[in-house]
Amino acid sequence: KREAHRSMTPRTPTTTTTKGKMKTAKHPNDEADLPEEDSKPPAKRPRRKAALKSEKLIAGMAEEDDDVKNSPAKRPRRNKKAALKSEEPAKDDSSSAENGGSGPVVINVDAMVNVMEFLPPRSLYNIALTCKSLREMVTTKMVVHSALIHGGHAKKTMEELYNMMKNRSIHVPSPLRLLRLANGKRCEFCVNKSVNSLYNGLNIGAFSCWDCLAKGDDPLTKAWKTSWARYWRNPVYQKILNHPRVAFRDKSKGKFLWIQDRMDAHGEKFGPIVCWEDIDAMAECADGKNATAAAKAASSVAANHASVAANYVAGRLAEATALSNIEWIDRYLTDTLGAPPVEEYSEFIEAFADITDRARRIAREKENIKRDKRVKKQENRRAATDKFLADVTALIDEPFREKAVERSSSSYKTFVTPFVEDLMGPYLRAVSSIKKNTPTELSKEINTFLRSLDELLAMNFLSDDDAFESAAKAFFVESFPNMDAVFNARSYYSSNRLDSNFRGFMKENCFFKALCYLKEYDLSPMILATEPSASLAKASNYLNESSLKRVAQRAWKKHFDFLKTEESFDSAKNTRGFQETHNYFGQVLAKLDEYSTWLDAKREAAKSEEELRVWQNRSDREMLQDVANGYDPRVFSYFMTHDFELMFKYQTDSSFRYEQMRLGFEQV
């Protein structure tokens, strides 16, 4: 019964009551027993909030009273672009164009062609990529004129193409291929190597790098060797390869020819007309065989001379006369190889010839404009530099103004004083970095540094009671009596010693080291000034003034080499070193005096021819000068460490001297 009752009763979908509870309706016969609330029809699906919100807004706008102003309700969101479009009034395109409005503007075809003729190759290439109609407007004349007038790599490419087009040795490129060649940047085969223009002498009419030309799995060219017997035995091969329509690259290994015909991505044939295999085919054709036979017959007839050389020359002349007619080669190129007719090359050649003079004139004008701009830029730079130097010079103090800004004769330096060069050099190299207060700042820094030199020249830091300091003070006062002497302390001809190192010593108040730096750490004249005059007078009998100075320098360097590395001024150490230097200098003079006496005795005792020959070549005074003032310091060192007999042998026997030098090197 339940199954029958269930099949007779229609099933109702599950609905939601107003209270939000899920409830299934009972049998229709039982509806009378339900409460009033439950007997209502099923509730509708709740609407979205956006719909309710818009309905409330519309209802509120309809019930709005004119006397009572409530707060305005929010407007519903809408598409701004659609609203702007709906608010704009409709415009008539034809009327806006006529009245100069913003409507579409139609350019005449002739006007567009005139505009394209004045564009550079890159802009012309971009226009050709715009649409098919503009691409069809590009002509050979337009591309050639654009490339030659605007110059650069495109002009070089056209000049290379002109040589091949004039010989009619390549397939005629279309205007679009010419445009691609004028704008090429990479090899069109590997697309890896950078190629700016057609290489000179390749004669292939394609954008190729050197690797793709003769290397790799698929090279573009192949060598047709002129050392082959068929080349120098058969004069027809020479005639074929010397034909102007046969393009090749002449190298020491032979003539590199195009291997096979090629087409680009657009299906256009490019490159040389004659390929490598065509040379043999051309020589083996009927006309080629006839020409070969005629040349051999003429050569055999002409070879009737007595000498072999005369027969050879006569045979070659006869062959050249027999092969003077090359119409069969042109006929083979046209009929068999499908070479383009001569008329197809005329457009490029005429366009190139028409624009050549104008392009040269425009190139000269551009060069003149560039030169004028360059000259004007240099003049402006020079004027700004002169003004800057004049402003800085005027602000430097008068006592050392002239010396501070003294110009250098060197081409890579402006000033003689290095620290002034360091301060003003960056502004002279970059004039645009000069500001309004730059001359004031630089002149202030220069004046501050140069004013500090007055304290240096006063020499108050040196004591008169100490022997070394008093001698150094007398030497420095004599060397630097005024400011000009400081500026004249030259390290080499184009610069003085007032550089960054000297400024560092002055900032650290290392006045003694600053003065030593000006003298290049050589205070050896102090030794000669404080040495007893008797010993100097005795040494002057066998040593000249330069030799005495050299001996003093050697003695000073031996005991005062620490001045370059010593950071502080040690008075006791300097005094001790000064005394040791004097003692060593006296020992050297005494030993030189003894050596002079020994040499006199040695010369008087010489009797054999070999000994007399030694004294004829060199005198004892020269030998002493060699010890004291020789360019090789090892001579002086050997003199101070060995006896007179070995020293004499060292100076007179070259083999002994070299042996002693070798031993000295081994010990080191």
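Right above here is the structure, for reference.
In this text, all values refer to a predicted model and were calculated from it rather than measured experimentally.

Asks: Which parts of the structure should I look at to understand unusual backbone geometry?
Replies: With the exception of glycine, most residues fall at negative phi, and the peptide bonds are largely trans. A positive phi angle, near 55°, is found at Arg 168, a position not held by glycine. The phi dihedral of Glu 520 falls on the positive side, at around 60°, and the residue is not glycine. As for its position among the elements, Glu 520 is in the loop between α26 (511-518) and α27 (525-530).

Asks: Sorry if this is basic, but what is going on with the pattern of salt bridges here?
Replies: Under the criterion given, the structure shown has 18 salt bridges. With its nearest N and O atoms 3.0 Å apart, the salt bridge here joins Arg 401 to Glu 398. Exposure remark for Glu 398: the relative accessible area of 55% places this residue in the exposed category. A salt bridge links Asp 593 to Lys 538; the nearest nitrogen and oxygen atoms lie 3.0 Å apart. Separated by 55 residues along the polypeptide, Asp 593 in helix α30 (residues 571-604) and Lys 538 in helix α28 (residues 533-539) bring together distant segments of the chain. Taking the relative accessible area as the measure of exposure, Lys 538 reaches 46% and is therefore partly exposed. Connected through shared salt-bridge partners, Arg 177, Arg 180, Glu 188 and Asp 264 make up one network.

Asks: Please clarify how the sheet that holds strand β5 (residues 254-258) should be interpreted in this entry.
Replies: Through backbone hydrogen bonds, the strands of a sheet pair up, either in parallel or in antiparallel fashion. The three strands lie next to each other as β3-β5-β4, forming an open sheet whose pairing is antiparallel. At either margin of the open sheet sits one strand with a lone partner, and together these are β3 (221-224) and β4 (249-251). Put simply, the sheet's adjacent strands are angled 30° from each other on average, direction ignored. Packing of helix α14 (residues 276-284) onto the sheet brings it into contact with β3 and β5, and relative to β3 it is tilted by some 45°.

Asks: Help me understand the nonpolar core, please; the structure alone is not making it clear to me.
Replies: Where a protein is soluble and globular, its nonpolar side chains tend to be buried together. Counting 85 residues, the largest nonpolar core has Met 424, Phe 476, Phe 502, Leu 592 and Tyr 595 as the members making the most contacts within it. Broken down by element, this core gets its largest block of residues, eight residues, from α30. When residues no more than four places from it in sequence are discounted, the contact partners of Leu 592 are Tyr 542, Leu 543, Val 551, Leu 624, Val 627, Ala 628 and Phe 639. In this structure, Val 143, Met 282, Leu 333 and Phe 348 belong to the second largest nonpolar core, which totals 64 residues.

Calculation notes
Residues numbered from 1 in each chain as written. Predicted model: local features only at pLDDT ≥ 70, side-chain atom pairs only at ≥ 80, totals over all residues. Heavy atoms only, no water. Helix = DSSP H or I, 4+ residues; strand = E, 2+ residues; numbered from the N terminus. Salt bridge = Lys/Arg side-chain N within 4 Å of Asp/Glu carboxyl O. Buried < 20%, exposed > 50% of the residue type's maximum accessible area, 1.4 Å probe, protein only. Pairing = 2+ DSSP bridges. Axes fitted to C-alpha atoms, helices over the stretch in contact; angles between N-to-C directions. Contact = heavy atoms within 4.5 Å. Core = buried A, V, L, I, M, F, W, Y, C linked by side-chain atoms within 4.5 Å.

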